[in-house]
Amino acid sequence: SSGINAEYGVAKKECDGFILNRLQYAVLQEGWRLVRDGVCDARDIDTVMTGGLGIRWSFIGPFETAHLNAPDGMRDYAERYSQGIVRVSESFGTPAPFEGPTLEQVAGYLEEEMPVERLGEVREWRDKVLKDMAIFRQGMPPRLSEQERK
């Protein structure tokens, strides 16, 4: 146990996999397809996540992000972007197996960045950063107080 106080959603009904894993798998699958199809390389996927979505999603979720990204909130976001989101989502296709040339490219990039024999050190670094972020999150002010939300 790393001692990290993680927060997880509660499933309201039975489904295959934990909520966190299902969301992670969706991102992994689309990243995999983008690399497989030559749209970008594995480093680009990690850069987009660590320099963009990951920063945002560390303190506001994807629905909260969407709500804030349209002038009049989520309903406005849905009206403005739903068609494009559905169009892009329909292009995702069948889940891609993690194998073949794409596995070689992704694993090669990762093994260059984090050699397998040093993964223990990198895991220690990751756990320290997660603990530091958890401490930072505990000190974050609320977006709006309960009274301000009314």
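Residues numbered from 1 in each chain as written. Predicted model: local features only at pLDDT ≥ 70, side-chain atom pairs only at ≥ 80, totals over all residues. Heavy atoms only, no water.

This brings us to the packing of aromatic side chains. Going through the model one piece at a time under the given rule, you end up with two aromatic pairs. Here the aromatic rings of tryptophan 32 and phenylalanine 98 are separated by 4.1 Å at their centres, their planes lie at 5°, and the arrangement is stacked. Of this pair, tryptophan 32 sits in helix H1 (residues 19–36) while phenylalanine 98 sits in the loop between helix H4 (73–90) and helix H5 (100–113), and the two are 66 residues apart along the sequence. With a relative accessible area of 7%, tryptophan 32 lands in the buried category. For the pair tyrosine 77 and tyrosine 81, a centre-to-centre distance of 4.8 Å together with 55° between the ring planes defines the contact as tilted. Of this pair, tyrosine 77 and tyrosine 81 both sit in helix H4, separated by four residues, roughly a single helical turn. (Phe/Tyr/Trp six-rings, centres within 6.5 Å; stacked < 30°, edge-to-face > 60°. Helix = DSSP H or I, 4+ residues; strand = E, 2+ residues; numbered from the N terminus. Buried < 20%, exposed > 50% of the residue type's maximum accessible area, 1.4 Å probe, protein only.)

For the rest of this paragraph, the subject is the nonpolar core. Counting residues in hydrophobic clusters, the biggest one holds eight residues: Trp32, Val35, Cys40, Ala42, Ile45, Ala96, Val106 and Tyr109. Counting residues per element, the ones that place at least two in this core are H1, helix H2 (42–57) and H5. With residues up to four places along the chain from it excluded, the contact list for alanine 96 reads Gln29, Trp32, Arg33 and Arg36. (Core = buried A, V, L, I, M, F, W, Y, C linked by side-chain atoms within 4.5 Å. Contact = heavy atoms within 4.5 Å.)

Along the chain, glutamate 64 falls in helix H3 (residues 62–68). Taking the C-alpha atoms as reference points, glutamate 64 and valine 39, 25 residues apart in sequence, are found 28 Å from one another.

Checked against the element boundaries, aspartate 46 lands in helix H2. Under the relative-accessibility criterion, aspartate 46 is labelled partly exposed at 31%. For the pair aspartate 46 and tryptophan 57, spaced eleven residues apart in the sequence, the C-alpha separation amounts to 14 Å. Beyond its immediate stretch of four places on either side in the chain, aspartate 46 contacts Tyr109 and Leu110.

Another aspect to go through is the pattern of salt bridges. What the rule picks out here adds up to nine salt bridges. Notably, a salt bridge pairs arginine 33 with glutamate 30, separated by 3.0 Å at the nearest N-O pair. In this pair, arginine 33 and glutamate 30 both sit in helix H1, three residues apart, roughly one turn of the helix. Since its relative accessible area comes to 8%, arginine 33 is described here as buried. In this structure, the salt-bridge partner of arginine 43 is glutamate 112, at a minimum N-O distance of 3.8 Å. Taken together, the residues arginine 43 in helix H2 and glutamate 112 in helix H5 connect sequence positions 69 residues apart. Overlapping salt bridges, with partners in common, bring together Arg43, Glu112 and Glu113 in one network. (Salt bridge = Lys/Arg side-chain N within 4 Å of Asp/Glu carboxyl O.)

Now for the confidence of the model for the protein. Per-chain confidence: the protein averages 91 in pLDDT, with 95% of residues scoring 70 or above. Put simply, helix H7 (residues 146–149) is where the protein has its lowest mean pLDDT, 81, and H5 is where it has its highest, 97. (pLDDT = per-residue confidence, 0-100.)

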